[in-house]
Amino acid sequence: MSLPGFWIAVTGLALVLFLAVHLGGVGMALADPAAFERFSTSLHQQAWLPWLEVALLAAGLGHPLLSLHRAHRNRSARGPVAGPLRSRRQGPWESLAALAARLIPWSGSLLLIFLAVHLAQLRWHRPVAGAELAAVLAVLRAPWSLVLYAVAGAAAGLHLLHGVESAVRRLGLLEPANAAVLRLGGRGLALLLGAGFALLPLALVLRPAGPLLAGG
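Below is a summary of the structure that appears in this document. Predicted model only: the values in this text are computed from it and were never measured. (Residues numbered from 1 in each chain as written. Predicted model: local features only at pLDDT ≥ 70, side-chain atom pairs only at ≥ 80, totals over all residues. Heavy atoms only, no water.)

**Some thoughts on a nonpolar patch on the surface**
What counts here: To count toward a patch, a residue needs a relative accessible area over 30% and no salt bridge; like charges are then connected within 9 Å, while nonpolar side chains (Val, Leu, Ile, Met, Phe, Trp, Tyr) are connected within 5 Å. What sets the accessible areas is the Shrake-Rupley method with a 1.4 Å probe; for residues, cover comes only from the shown protein chains. Within this document, salt bridges are pairs made up of a side-chain nitrogen of Lys or Arg and a carboxyl oxygen of Asp or Glu, the two lying within 4 Å of each other. Comment: elements are numbered from the N terminus, with helices defined as DSSP H or I runs of at least four residues and strands as E runs of at least two. Summary of the burial criterion: residues with accessible area below 20% of their type's maximum are buried, those above 50% are exposed, and those between are partly exposed, where the area comes from a 1.4 Å probe applied to protein chains only.
A contiguous nonpolar surface patch, about 470 Å² in accessible area, is contributed by Leu 57, Leu 61, Leu 65, Leu 68 and Leu 112. Among the elements that take part in the nonpolar patch, helix H3 (residues 49–78) stands out by supplying four residues, more than any other. The exposure class of Leu 65 is exposed, given its relative accessible area of 57%.

And the structure:
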């Protein structure tokens with residue numbers, strides 16, 4: 001395995017872990033708004049948070065840059081391809097997985113655009129303590145923003161549908177004995193995160209206002 005391939009896999013899996021934790025944290029806003037505000041306030045007071053954010057930003061930018069470099073090098077090495085690569089595996093998931101693989105550049109590009117918008121909305125102008133949920137709702141009540149968040153969630157799920165399996169393969173963890181389990185787990189995680197991030201913004205906007213403010 002090449003060094004770029006290793007770092008593509010490591011940064012990708014690190015971002016998957018962040019997405020899982022982030023979805024759980026934001027999900028508290030739907031289940032227990034007061035707990036969400038306490039969690040957000042405590043998190044933003046941690047001295048290690050800026051270092052984590054720098055590491056996440058490095059992974060978020062390094063992952064696509066390394067992927068582009070690898071794709072360019074592979075294309076140069078093999079020359080023009082007669083047609084799209086197709087999986088020889090059969091099954092109900094394979095058509096969707098093949099589509100996810102073909103759309104990787106587009107889903108990745110959309111996620112980068114979303115990341116820039118998301119940071120501009122909720123990180124570079126970080127809400128004051130106790131106002132995190134109000135700021136999130138103010139962003140999501142703009143129709144274009146709600147659509148962007150939902151589409152970005154679906155794009156993340158589609159991206160991970162191919163990306164998780166690709167990462168474990170690059171790390172040498174995908175073997176005939178465990179391939180079926182790892183593929184099923186990776187695809188299940190992709191659907192869980194994709195559906196979660198796509199539907200949670202809509203659920204927050206549609207939730208009655210009273211319970212959301214109960215912890216204020």
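**Considerations on the packing of aromatic side chains**
To keep things clear, this is the line we draw: The aromatic pairing rule takes the rings of Phe, Tyr and Trp, using the six-membered ring of Trp, and pairs them if the centres are within 6.5 Å, calling planes under 30 degrees apart stacked, those over 60 edge-to-face and the rest tilted.
Scanning the model with the defined rule gives two aromatic pairs in all. Seen in terms of ring centroids, Phe 6 and Trp 7 are 5.2 Å apart; in terms of plane orientation they differ by 80 degrees. Their pairing is edge-to-face. Ring centres of Phe 114 and Tyr 149 lie 4.8 Å apart, and the angle between their planes is 85 degrees; this geometry places the pair in the edge-to-face category. Here the residue Phe 114 occupies a position in helix H5 (residues 104–122), and Tyr 149 occupies one in helix H7 (residues 143–170), the gap between them amounting to 35 residues. According to the relative accessible area criterion, Tyr 149 is buried, its value standing at 10%.

**Digging into the side chain of Ser 145**
Applied cut-off: Residues are treated as being in contact if the distance between any of their heavy atoms lies within 4.5 Å.
Its location among the elements puts Ser 145 in helix H7. Sequence-distant contacts of Ser 145, defined by excluding residues within four places in its chain, comprise Gln 121 and Val 139.

**Observations regarding the pattern of salt bridges**
The full count for this structure, using the stated rule, is five salt bridges. One salt bridge connects Arg 123 with Glu 53, and the closest N-O pair in it is separated by 2.9 Å. In this pair, Arg 123 is assigned in the loop between H5 and helix H6 (132–140) and Glu 53 in helix H3, connecting sequence segments 70 residues apart. According to the relative accessible area criterion, Arg 123 is partly exposed, its value standing at 29%. Residue Glu 165 is joined to Arg 183 by a salt bridge in which the shortest nitrogen-to-oxygen separation is 2.8 Å. Of this pair, Glu 165 sits in helix H7 while Arg 183 sits in helix H8 (residues 179–206), placing them 18 residues apart in sequence. Connected through shared salt-bridge partners, Glu 165, Arg 169, Arg 183 and Arg 187 make up one network.

**Structural notes on the packing of helix H4 (residues 94–102) against H5**
As a reminder of what qualifies: Every angle, taken between N-to-C directions, lies between 0 and 180 degrees, and every axis is a line fitted to C-alpha atoms, over only the stretch in contact when it is a helix. Gly is placed with the polar residues, together with every amino acid not listed as nonpolar (Ala, Val, Leu, Ile, Met, Phe, Trp, Tyr, Cys and Pro) or charged (Asp, Glu, Lys and Arg).
H5 packs onto H4 with a crossing angle of 65 degrees between their chain directions and a minimal axis gap of 4 Å. Residues Ala 100, Ala 101 and Arg 102 of H4 form the contact with H5, whose own contacting residues are Ile 104, Pro 105 and Trp 106. Grouping the constituent residues of the contact of H4 with H5 by class yields five nonpolar, no polar and one charged.

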